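# Summary of the model geometry
Spelled out from the first residue to the last, the chains are:
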Amino acid sequence: MPATTPPVFLVGELPAGPHVVLDGEEARHASTVRRMRAGERLVVSDGRGAAAECVIAEVRPGRDPVLDLEVVRRWSEEPPALRVVVAQALAKGDRGELAVELATEAGADEILPWRAERSVVRWEEGPRGAKALARWQNTARAAAKQARRAWVPPVRSPVTTKELAEIASRAACAVVLEGTADARLTELELPAGGDLLLVVGPEGGITDGELASLTSAGAVGVRLGPTVLRTSTAAAVALGALGAMTSRWR
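Residues numbered from 1 in each chain as written. Predicted model: local features only at pLDDT ≥ 70, side-chain atom pairs only at ≥ 80, totals over all residues. Heavy atoms only, no water.

- Naming follows an unreviewed UniProt entry, where the protein appears as Ribosomal RNA small subunit methyltransferase E of Amycolatopsis thermophila.
- Under the Catalytic activity (unreviewed entry) heading, UniProt states for the protein: "uridine(1498) in 16S rRNA + S-adenosyl-L-methionine = N(3)-methyluridine(1498) in 16S rRNA + S-adenosyl-L-homocysteine + H(+)". (UniProt positions renumbered as here; feature names shortened; annotations may be inferred.)

## Concerning the overall build of the protein
- Across its full length, the protein holds 6 helices and 10 strands.
- In terms of C-alpha radius of gyration, the protein reaches 20 Å, essentially the compact-globule figure of 18 Å for 250 residues.
- Dimensions of the protein, computed from C-alpha atoms along their principal axes, come out at roughly 60 × 40 × 30 Å.
- Within the protein, buried positions represent 46% of all 250 residues. (Helix = DSSP H or I, 4+ residues; strand = E, 2+ residues; numbered from the N terminus. Rg over C-alpha atoms; globule rule 2.2 N^0.38 Å. Buried < 20%, exposed > 50% of the residue type's maximum accessible area, 1.4 Å probe, protein only.)

## Looking at the side chain of T161
- In this fold, T161 is placed in helix α4 (residues 161-170).
- Assessed through its relative accessible area of 15%, T161 is described here as buried.
- When sequence neighbours within four positions are dropped, the list of residues in contact with T161 reads W114, R115, E210 and S213. (Contact = heavy atoms within 4.5 Å.)

## Quick look at the nonpolar core
- Residues V86, W136, L177, L196 and L198 are the most contacted members of the largest nonpolar core, which totals 27 residues.
- Elements with a minimum of two residues in this core: β6 (82-89), α2 (95-105), α3 (127-146), β8 (173-177), β9 (194-200) and α6 (231-245).
- Element by element, the count of residues in this core is highest for α6, at 5 residues.
- In contact with L177, not counting residues within four places along its chain, are L198, V199, V200, I206, V222, L224, A234 and A238.
- Among the nonpolar cores identified, the runner-up in size contains 18 residues, and A89, V159, L197 and I206 belong to it. (Core = buried A, V, L, I, M, F, W, Y, C linked by side-chain atoms within 4.5 Å.)

## Considerations on the pattern of salt bridges
- Here the structure, examined in full by the defined rule, presents 16 salt bridges.
- A salt bridge links R28 to D64, with the shortest nitrogen-to-oxygen separation between them at 3.1 Å. Taken together, the residues span a long stretch of sequence, with R28 in helix α1 (residues 24-33) and D64 in the loop between β4 (50-60) and β5 (66-76) at a distance of 36 residues.
- R28 gets classed as partly exposed once you look at its relative accessible area, which sits at 28%.
- Exposure remark for D64: the relative accessible area of 55% places this residue in the exposed category. (Salt bridge = Lys/Arg side-chain N within 4 Å of Asp/Glu carboxyl O.)

## Describing the UniProt feature "domain: Ribosomal RNA small subunit methyltransferase E PUA-like" (unreviewed entry) in the protein
- UniProt feature "domain: Ribosomal RNA small subunit methyltransferase E PUA-like" (unreviewed entry): in the numbering of this structure it lies at residues 22-59.
- The straight-line gap between the two end C-alpha atoms of residues 22-59 is 10 Å; of that span, 26% is helix and 42% is strand.

## Quick look at the environment of P61
- Within the secondary structure, P61 sits in the loop between β4 and β5.
- Of the residues examined, P61 reaches a relative accessible area of 72% and is grouped as exposed.
- When the C-alpha atoms of P61 and V84 are compared, they prove to be 41 Å apart, with 23 residues separating the residues in sequence.

## Points about the packing of α4 against helix α5 (residues 208-216)
- It is at 8 Å that the axes of α4 and α5 come closest, and there the two elements cross at 30 degrees. With respect to α5, the axis of α4 lies roughly parallel. Crossing of α4 over α5 shows right-handed handedness. On α5, the residues that touch T161, L164 and A165 of α4 are E210, S213 and L214.
- When the residues that make up the contact of α4 with α5 are grouped by side-chain class, the tally is 3 nonpolar, 2 polar and 1 charged. (Axes fitted to C-alpha atoms, helices over the stretch in contact; angles between N-to-C directions. Parallel < 35°, antiparallel > 145°, perpendicular 65-115°, else oblique. Left-handed = near helix turned anticlockwise from the far one by under 90°. Nonpolar A, V, L, I, M, F, W, Y, C, P; charged D, E, K, R; others polar.)

Written as structure tokens, this is what we have:
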């Protein structure tokens, strides 16, 4: 969707028919935070490609506000033929969430948190790990709305290097961003469709063992350019390059 479109609000299911009722947290955000009123336009999406542009017919205020919407038009966006799955190494502080935010805005189709050897943080099993995963998922949701995307990239459960290598072996193409690699991303012959796995390491870099496991599974080590990027920005830059190199932006 173009950047000039109205703000996007997400619902579990996009109902059929000429009317939509927006409630819950999304309605509170629309009425309280954005202070939207009757006559204004917004887009309601299920985050899975279906969207509807609507006009606010009425705002019913209260502790749990409700927006009554009239549908102006509907559409459905197909996923790109070449899907980019970002395997993002866990990063300390808010760098991991920043990486998810930027990758989502740049068009990532799926995000895999990766338990890399040199990741400082560890998402252990249990409530703390679930809370960390939920933060990444909420970040992707908010970033997709900000970018006016009809698709919210799912953030999966974290994977080990062994699991990541198995995913790489099944992908149409798998690339590992590595600053010391000889090949450049722009030199690769990319497939027209399927899943492209994009692996981003932690701040401390990918170990030789991890790189060997991934390349043995068919991944190719590449560098983006002459500079070294942070783990929080590398995926977004690579997604921009892939958008220009493939049909993803056409």
